[in-house]
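# Structural overview
Next come the chains, spelled out residue by residue.
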Amino acid sequence: MKISIVGAGYVGLTTAACLAEIGHHVLCSDNDQGKLALLQGGKLPFYEPNLAQLVAKNHQSGRLEFGSTELGIDRSEAIFICVGTPPLNNGEADLSAIQTVAREIAARARGYRLIVEKSTVPVQTARQIKRELALYGSNELDYEVASNPEFLREGCALEDFFHPDRIVVGVESKRAEEQFREIYRPVLDQSFACPVHAECRSRVKPAFLVTDTNSSEIIKHASNSFLAMKISYINLIADLCEASGADVEKVAEGIGLDRRIGRAFLRPGIGFGGFCFPKDLQAFVRIAEKAGCDFSLLREVENVNLARVPKFIEKVRQELWVLRGKKIAIWGLAFKPNTDDIRFAPSLAVVKQLVDEGAHLQVYDPEAMPNAKRQLTGVTFCDDLYSAARGAEAILILTEWEQFQRLDWERLGSLLHRKLVIDGRNMLSPSKEQMAAHGFEYVEIGRGSQASEPAARGTGRTANKMDAPKAVPIG
Ligand code: UGA
C-alpha cells in the first residue's frame, strides 16, 4: 500500500521504516527541513537500536522515501499523522501541529484517504479532525479518520513494532478496518523475516482490537497512565520496605507472580521520565477534569513520582553527609537505557540538584552525552564510566545501562576515593557479593536492611546487613 507518514520524530520515523520493511511504499515527511536533509543523507536525528540500519536498507531499496507532506498527501491511500503533541503549561496536549496537518490534507487531498492519528491525542481528537476536513476539505475528498495508537517503547521500538501484544484500531467503517488489516497483515500473521533477530524471539500473533475512535484514543492514555501507576505503586512499596526492613525486590516478585498483577513495571527507582508518561499522565488528568471526572488517583501517581528525586538526594546525603565540594560520579543520564533521550529524565533533576548543592559531578552516559551537553552546566563530562569514577566518593547509578553490569571491580576500586555505589535502579543487586568481596559499599532502593556504616567496608560484606536490619517501628 502507498502510505504517507507525516512527522519524522520518534514514532513517525520508526513507523515509516517498519511499514516499509513489511512491504509498503512509504513517504515520510517533516516540516523541519534540517531533519529531512539529515535523513536523506542517511543519518538519524536520534538514537534507537537497529533503526539506522532499517532506515538505510529500506531507503536504498526505494520503499522508504523522504519528501514533502504535499507529495505524501497526493499519492498515498493512508496518511499517518505522527506529529508532536507537546504539553501546554496547563498540562493539556498542544494539538496545533495536528490541526495544521488536518488542514493541509483538507487543502490538497482528492479522492479517498484513510487518515490515521498515531500521535498520542486526547479523546475526541478524531472527531475534531473530521470537523476540520468537513469544513475545509474539497467536495472531491472522501475520507475516514481513524485512531491507531502506538505502544512502542524507546530503546526497543522495532521489537515492539514487529512483535506487539496488540494492534488497536478505532474506526467507523468496515472499509477502514480492512485497510488496517491489510497494512498490518505481516505483523498480524507474524509472516515476515524479522529484521531484528535472526532467530526470532516471539512469533505469537498479536491481538487485533477494533473499537470506535473515542475508545481507541482513551486506550492509549489509559495504558500509559496504568503503567505509570504501577511504577509509583512499587516506589511507595519500596519506601515502606526500606522503613520496615523488607526487601522490595522480593515483594515485587511475590505480587508479580499473581498473573492478574504481573511482574512487569514493578521496578523501583528514581521514578519514571521520558516524553510519554509524565506528559500523558498530566494530559489524561486534564481530559478527565474537563469531562467532569475526578482523577485524583492519577494526580497522586504524579506526586509520588515527583518525590522520588528528593528522596534519592536524601539517600545520597545520608551516605556522603555534606555534599558541597564532594566529587561524585554519575552513571547514566538517559531517561531509560538504549536511548539518547533525556526529556523529563529524573537523572537530570538529580544532577541539577546536586550541582546546586555544590557537588562536583563527573558524568557519563553511553548515548545521551550530546543531548546532555546542551542542557547541563557545571558538570564534567567524561569519556567512559571509569574516568567518571576517578577520585569520586560515590558512584550514583541513574540509568540501568547494560554496560554498567560488566565491570572491572579491581580497576574501579583503585580509581575511587571511596568505594561506594548508590544504585538508583537496583541494577547491580546480582553483583552484590562480588562487590562486597572487593570492599564496595552498596546502597539500593527499597531494601530495608541497608546499613550505611563504613564498618561494613572491606570486611567482605556489603553494606546490607541482612542479619541486623535497621527497621523503624511502624505506627
Ligand atoms: C512508554 C510505554 O511503555 C509505551 O508503551 C508507549 O508507547 C510510550 O511510552 C509512548 O507513549 O510513546 P517509553 O516512555 O519509551 O514507553 O519507556 P518505558 O519503558 O515505558 O519507561 C518509561 C519510564 O518508566 C522510564 O523512565 C523507566 O525508567 C521508568 N520505569 C519503567 C520504571 O521506573 N520502573 C519500571 O518498572 C518500568
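### Things to note about the domain arrangement of the protein
- Segmentation of the protein into domains returns domain 1 (2-211), domain 2 (220-306) and domain 3 (308-462).
- The straight-line distance from the C-alpha centre of domain 2 to that of domain 3 is 24 Å.
- Opposite the 23 residues of domain 2 that make contact, domain 3 presents 24 residues.
- Summed over both partners, the interface of domain 2 with domain 3 comes to about 1,900 Å²; 52% of that surface belongs to carbon and sulfur atoms.
- Among the residues domain 2 hides against domain 3, the three largest losses belong to Glu242, Ile270 and Phe275. Together they make up 37% of the total.
- Along the contact surface separating domain 2 from domain 3 lie five salt bridges.
- Arg267 serves as the salt-bridge partner of Glu400, at 3.2 Å between the closest nitrogen and oxygen.
- Linking domain 2 with domain 3 are 15 residue pairs in polar contact (both at pLDDT 80 or more).
- In terms of residue count, the dominant contributor to the side of domain 2 that touches domain 3 is helix 9 (residues 213-244) (five residues).
- Among the residues forming the side of domain 2 that touches domain 3, the class breakdown is eleven nonpolar, seven polar and five charged.

### With respect to helix 1 (residues 10-21)
- Its twelve residues give helix 1 an end-to-end C-alpha distance of 17 Å, which sits within 8% of 16 Å, the value for a rise of 1.5 Å per residue.
- Burial of helix 1 is extensive: twelve of the twelve residues sit out of reach of the surface.

### Considerations on the packing of aromatic side chains
- Evaluated as defined, the whole model comprises eleven aromatic pairs.
- Aromatic pair Trp331 and Phe404: ring centres 5.2 Å apart, planes at 35°, arrangement tilted. Taken as a pair, Trp331 in strand 9 (residues 327-331) and Phe404 in the loop between strand 12 (394-397) and helix 17 (409-415) lie far apart in primary sequence, 73 residues in all. Accessibility classification places Trp331 together with Phe404 in one group, the buried group.
- Seen from their ring centres, Trp409 and Phe440 are 5.0 Å apart, and the 70° between their planes marks the pair as edge-to-face. In this pair, Trp409 is assigned in helix 17 and Phe440 in the loop between helix 18 (432-437) and strand 14 (441-443), connecting sequence segments 31 residues apart. For the pair Trp409 and Phe440, a shared accessibility class is recorded, and that class is buried.
- An aromatic cluster of at least three residues, connected via ring pairs, comprises Phe161, Phe162, Tyr184 and Phe192.
- Across the ring face of Phe192, the terminal group of Arg203 is positioned such that the distance to the ring centre comes to 4.8 Å.

### Quick notes on the site of the ligand
- What surrounds the ligand is a group of 20 residues, the closest being Leu152, Glu154, Lys220, Asn224 and Lys336.
- One of the backbone N or O atoms of Glu154 is found 2.7 Å from an oxygen atom in the ligand.
- Measuring from an oxygen atom of the ligand, one finds a backbone N or O atom of Phe335 at 2.9 Å.
- The fraction of the free accessible surface of the ligand (710 Å²) that becomes covered by protein chains is 94%.
- In terms of residues, the shell around the ligand owes the most to one element, helix 9, which gives three residues.
- A breakdown of the residues in the shell around the ligand according to their chemical character gives nine nonpolar, three polar and eight charged.

### Here we look at the confidence of the model for the protein
- Residues at a pLDDT of 70 or more form 93% of the protein, whose mean pLDDT is 93.
- Note on residues 450-475: pLDDT is under 50 here. Beyond four places in sequence and across chains, it has 52 contacts.

### Regarding the pairing of strand 9
- Burial runs high along strand 9: four of the five residues are buried.
- Note that strand 9 and strand 10 (residues 360-364) share five bridges and pair parallel. Within the sheet, the bridge partner assigned to Ala329 lies in strand 10 and is Gln362.
- Following the chain from strand 9 across helix 14 (residues 346-356) to the adjacent parallel strand 10, one finds a crossover that is right-handed.

Cut-offs used in this document
- Residues numbered from 1 in each chain as written.
- Predicted model: local features only at pLDDT ≥ 70, side-chain atom pairs only at ≥ 80, totals over all residues.
- Heavy atoms only, no water.
- Domains from an automatic or database assignment.
- Contact = heavy atoms within 4.5 Å.
- Buried area = accessible area lost by both parts, 1.4 Å probe.
- Salt bridge = Lys/Arg side-chain N within 4 Å of Asp/Glu carboxyl O.
- Polar contact = N/O pair within 3.5 Å; in protein donor to acceptor, adjacent residues only side chain to side chain.
- Helix = DSSP H or I, 4+ residues; strand = E, 2+ residues; numbered from the N terminus.
- Nonpolar A, V, L, I, M, F, W, Y, C, P; charged D, E, K, R; others polar.
- Expected span 1.5 Å × (residues − 1).
- Buried < 20%, exposed > 50% of the residue type's maximum accessible area, 1.4 Å probe, protein only.
- Phe/Tyr/Trp six-rings, centres within 6.5 Å; stacked < 30°, edge-to-face > 60°.
- Lys NZ or Arg CZ within 6 Å of the ring centre and 35° of its normal.
- Near = heavy atom within 4 Å.
- Areas by Shrake-Rupley, 256 points an atom, 1.4 Å probe, with all protein chains shown as cover.
- pLDDT = per-residue confidence, 0-100.
- Pairing = 2+ DSSP bridges.
- Right-handed = clockwise from strand over helix to strand, strands pointing away.

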